[in-house]
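Working through the structure, step by step
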Amino acid sequence: MFLTCMETVTKELVSWMRGHESSVFSISVHASGKYAITTSSDTAQLWDLDTFQRKRKLNIRQSVGIQKVFFLPLSNTILSCFKDNSIFAWECDTLFCKYQLPAPPESSSILYKVFAVTRDGRILAAGGKSNHLHLWCLEARQLFRIIQMPTKVRAIRHLEFLPDSFDAGSNQVLGVLSQDGIMRFINIQTCKLLFEIGSLDEGISSSVISPHGRYIASIMENGSLNIYSVQALTQEINKPPLPLVKVIEDLPKKKLSSSDLKMKVTSGRVQQPAKPRGSKIQTRILKQDLTGDFKSKKNELPDGLNKKRLQILLKGYGEYPTKYRMFIWRSLLQLPENHTAFSSLIDKGTHVTFLNLQKKYPIKSRKLLRVLQRTLSALAHWSVIFSDTPYLPLLAFPFVKLFQNNQLICFEVIATLIINWCQHWFEYFPNPPINILSMIENVLAFHDKELLQHFIDHDITSQLYAWPLLETVFSEVLTREEWLKLFDNIFSNHPSFLLMTVVAYNICSRVPLLNCNLKDDFEFFFHHRNNLDINVVIRQVYHLMETTPTDIHPDSMLNVFVALTKGQYPVFNQYPKFIVDYQTQERERIRNDELDYLRERQTVEDMQAEADQQRVEDEAWYQKQELLRKAEETRREMLLQEEEKIIQQRQRLAAVKRELQVKEMHLQDAARRRFLKLQQDQQEMELRRLDDEIGRKVYMRDREIAATARDLEMRQLELESQKRLYEKNLTENQAAVAKEMRADADAYRRKVDLEEHMFHKLIEAGKTQSQKTQKVIKENLAKAEQACLNTDWQIQSLHKQKCDDLQRNKCYQEVAKLLRENRRKEIEILNAMVEQEAKKWKEAEGKEFCLRSAKKASALSDASRKWFLKQEINAAVELAENPCHKEEPRFQNEQEDASCLPRTSHLNDSSEMHPSTQISLNRRAVEWDTTEQNLIQKVRNLRQRLTAQARHRCQTPHLLAA
């Protein structure tokens, strides 16, 4: 949160004041206008309005909130009220806690929400959510009265004392705004209800009373603004004061209870507080002194002060207390505080004479300059003479600096000073006041003739040793504290005291003045501070006031003090009007001539400025062109330098790039070698694995061949066993035949031996054929491996050529041709064997045809044996043919040729092979065929994998050789 300070006339922002974290609900300004207190719920801050800087900050605990913090009127005391009903009083300058008010009685304890203080700062009224009002005496620091409002009042929203011109600040009428929207005005002494404003239908939301107590402005709950005249509402509070008779009630020594302090507000008879039982109120009546002279009345000042007592206090201490000085000055000068009249002067704006005041008087503080300009303008609007008074800013400046936060007081103090202490100053206008200077010279001649003679000898007039002190009111030769102490005495005495001060200052400085011989030294002396004790000067002034003869004493020529009138300021015309008018006319004429001259000069200056501007622009253009040309040359040189640098950088970059490429090639080569080594290791592992696989397959094949051989031996044994069975049966059949068969026994034995010989040859032929088949397969496998090696070598040597596929196909065709040639030769061998077998069968068939007719029984047996032999031969032939059937399209002709082999099924319809023998032979042929096809397929897969690796990895010759 922040506060803004605005100028009321110009409506300009003067300053920002930051520091509050929550909203500000109360602002209190000191009577001097120098300090201000802002209050929020969590803190209160003291601000210096001269610098708009925070001076102090009041921090509290979170559990205890701040209700209100404000200045007591006409004092340097700060009153802080908290939400726990604790009230503290603090010294403004030192922030020392002066006292704390005691807690109110428990029977009438209320939480204070609103507060009001009389103008003299003696009585504090407090209220809250109750119909009770507490009145505190701040001098005695105790609760002296509790006022009970009517029963309709349940809470008090606002309290404000009604000012009165005749009560010397001890306000007696208190306005109480309650929750029902009615503001009741009561007399706090008599507790009588005087009048009330507002009603239940038209309630008051907030209200404020004018400083003089003449009007009451209220904002109604319906949004309207009502202004009430206090004089019309009641006549009682505006009655003139009674004779100077005052009743003083001494506070009782014994503490009063709440029932003794409580009084009810009545609208009729005045109700007095009940007297305490334990003590008796002492009463003194001060009767009016009817024999008093006019002088005692003259010494009476507003706000309850007495001029004679103030003079005694001043002589005793030499000055007034700092914190009460402004209040005493306002009382001594009897300032009327005419807000309306002053506002009308301010509203006229800045006077034309002081528009350029800052040029003649350069003041660092803008605020001080603005206040000085406004005060001088108000004086010029008040009287025309002040617009032409050259020394008026010097005269007013110390008062403006002292009262810069209260411009009304500042204006009225200066006006009062001019009317009383500057009497007859303007009679010889525009010359210095010769009559006043003559008075000073006469007094100086009476009290120090030697010093006056020294001034005359060196041609030093009163305009040099007296007038500089008067027109600056000693502000140039005294410090702030000395000046305030001096004006404490000036405002407390007759207007002639100022003139006597000039004489006393010269007399007290006679030693350095007598040593001065040059006029410049005298001028410097009366315009600068000197080593002089102001207390000695003031004592000398009082001595001069008492010892100066009446005929030359200034008080006989100056009028007594006259205060400013209330309402409107008096007319000031103590100056030669014709001279002022003539000067005004001459000044107006000079101003018009000056304006014409200024216009003409402005025109000439404008033309000269245009010519100068054109010349400057031309020169600037030529300079710019020259600069551009130089800049272009510089840029070209820079460009050439940059190009050379770029070329050098490119050369360095090319060298670096070459180095990087060489390094990259080395790295790639190392990576390639590592990769080839890894590939070589992987290939060696793959070859070892394939060797192991081939060995395992060969071992399995050998085992299967051995098992087949054992099966054939078992089959042979079965056949021999069956043969013996057949022989036994044949023997038995022949035994049963007649002995006529014995003649053919030899032939039968020879035939049997022949058949056995053929059977053994058949077995041996099967074994020979199996060995040949194995040999052919091994040769084919060796040729396939050799073909793979040759193909890999060709792939490695011709990997960059596009005819790789043709050469590989050619290699495959050669291998296939070789295989087909081998298979053709095998088929020719088999055909030869079949032909030989066919010949044997034809021979046997011829013999069997010859015997058929003779022996039906032996023919059937022979046909059965021939059928068996035929099936065995066919099985052997098929067994020899099946290993060579790798690609059916290639051996289609061989199958056709095989289909042309002679069949023996036409020999006899009953000649068929035994089913078990056929199944066994077929199973063995299928197992051999499957084994051979698996081996061939693995060889093909290995060859394809090696070809792909050779194409993409470009293996080295030594790896291929391995």
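Higher on the page you've got the structure.
Below you will find a few notes about this structure.

What counts and what doesn't
Residues numbered from 1 in each chain as written. Predicted model: local features only at pLDDT ≥ 70, side-chain atom pairs only at ≥ 80, totals over all residues. Heavy atoms only, no water. Pairing = 2+ DSSP bridges. Helix = DSSP H or I, 4+ residues; strand = E, 2+ residues; numbered from the N terminus. Axes fitted to C-alpha atoms, helices over the stretch in contact; angles between N-to-C directions. Salt bridge = Lys/Arg side-chain N within 4 Å of Asp/Glu carboxyl O. Buried < 20%, exposed > 50% of the residue type's maximum accessible area, 1.4 Å probe, protein only. Polar contact = N/O pair within 3.5 Å; in protein donor to acceptor, adjacent residues only side chain to side chain. Expected span 1.5 Å × (residues − 1).

Looking now at the sheet that holds strand β6 (residues 53-59). Read across the sheet, four strands follow the order β3-β4-β5-β6 without closing on themselves; strand pairing throughout is antiparallel. Looking at which strands have only one partner, the edges of the open sheet turn out to be β3 (24-29) and β6. Recorded for the sheet is a direction-independent mean angle of 20° between the axes of neighbouring strands. Across six bridges, strand β5 (residues 43-48) lies against β6 in antiparallel orientation. Bridge assignment links glutamine 45 to a residue of β6, and that residue is lysine 57.

This part covers the pattern of salt bridges. Applying the stated criterion to the full structure yields 27 salt bridges. The shortest N-O distance in the salt bridge between aspartate 120 and arginine 122 comes to 3.8 Å. Arginine 184 serves as the salt-bridge partner of aspartate 180, at 3.0 Å between the closest nitrogen and oxygen. Of the two residues, aspartate 180 and arginine 184, neither departs from the other in class, the shared state being buried. Members of the salt-bridge network, linked through shared partners, are Glu91, Lys98 and Lys323.

This paragraph deals with the environment of threonine 118. With respect to the helices and strands, threonine 118 occurs in the loop between β11 (112-117) and β12 (123-128). At 2.5 Å, the side chain of threonine 118 and the side chain of aspartate 120 are in polar contact.

Spatial ordering of the open sheet is given by β19-β20-β21, a layout of three strands whose pairing is antiparallel. Each having just a single partner strand, β19 (204-209) and β21 (225-229) make up the two edges of the open sheet. Across the sheet, the mean angle from the axis of one strand to that of its neighbour is 20°, orientation sign disregarded.

Another aspect to go through is helix α16 (residues 496-508). In a regular helix each residue adds 1.5 Å, so 13 residues correspond to 18 Å; α16 covers 18 Å between its end C-alpha atoms and thus fits that length. Within α16, twelve of the 13 residues are buried, which leaves the element mostly enclosed by the surrounding structure.

Don't take any of this as a statement about function, it's just geometry.
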